[in-house]
Amino acid sequence: MNIVCVTSDPFFSQELVMQLSPSDHKLDLYTNGLTALSSATESPPDIILIDNECESINSVILINLISRDSKFSRTDIHYLSNRISDPESFKKQHEVKKIWQKPLNATSIINYLK
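In this text the structure is predicted, and so the values were computed from the model without any measurement.

(A) Molecular detail of the pattern of salt bridges. Taken as a whole and assessed by the stated rule, the structure comprises five salt bridges. A salt bridge links K102 to E53; the shortest N-O distance between them is 3.5 Å. Linking K102 in the loop between β5 (98-101) and α5 (106-113) with E53 in the loop between β3 (47-51) and α3 (59-67), this pair joins segments that are 49 residues apart in sequence. For D76, the salt bridge is made with K97, and the minimal N-O distance between the two is 3.9 Å. With D76 in strand β4 (residues 76-81) and K97 in the loop between α4 (87-94) and β5, this pair connects stretches of sequence that are 21 residues apart. Judged by its relative accessible area of 43%, K97 falls in the partly exposed class. Via salt bridges that share partners, D51, E53 and K102 belong to a single interconnected network.

Encoded structure:
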């Protein structure tokens, strides 16, 4: 499985790398949302995890750019946030598969990805 993660949280990034590296997953980490978008466009991932605190672009704008691009039609978008008051509405409006509430439980996310 190809996974792209856009986050500025070094602890979460480290946990993903340590837990997913022995598996069959390919993991690309980015802090910069625009760089992640550019790289992911070349080879769309299966899952993209987007933190509400990514750099260089508003995370919701990044989600919208990805969800509206046909190249990502098979990519599941996951949002890492503590700012969503109505998760179900947000998921429908922005075509997000799953919202992970902060503070993040890295183990839950990793178990989901495995």
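(B) Structural view of the side chain of S81. Topologically, S81 is positioned in strand β4. Classification of S81 as buried rests on a relative accessible area of 0%. In terms of polar contacts, S81 uses its side chain to reach the backbone amide nitrogen of R83, at 3.0 Å. Those residues in contact with S81, other than ones at most four positions away along the chain, are N52, W100, Q101 and K102.

(C) Summary view of the sheet that holds β4. Ordered in space as β2-β1-β3-β4-β5, the five strands form an open sheet in which the pairing is parallel. Of all strands in the sheet, those with a lone pairing partner are β2 (26-30) and β5, marking the two edges. The mean angle between the axes of side-by-side strands here comes to 15°, regardless of whether they run parallel or antiparallel. Relative to β2, strand β1 (residues 2-6) runs parallel, the two sharing five bridges.

Rules used throughout
- Residues numbered from 1 in each chain as written.
- Predicted model: local features only at pLDDT ≥ 70, side-chain atom pairs only at ≥ 80, totals over all residues.
- Heavy atoms only, no water.
- Salt bridge = Lys/Arg side-chain N within 4 Å of Asp/Glu carboxyl O.
- Helix = DSSP H or I, 4+ residues; strand = E, 2+ residues; numbered from the N terminus.
- Buried < 20%, exposed > 50% of the residue type's maximum accessible area, 1.4 Å probe, protein only.
- Polar contact = N/O pair within 3.5 Å; in protein donor to acceptor, adjacent residues only side chain to side chain.
- Contact = heavy atoms within 4.5 Å.
- Pairing = 2+ DSSP bridges.
- Axes fitted to C-alpha atoms, helices over the stretch in contact; angles between N-to-C directions.

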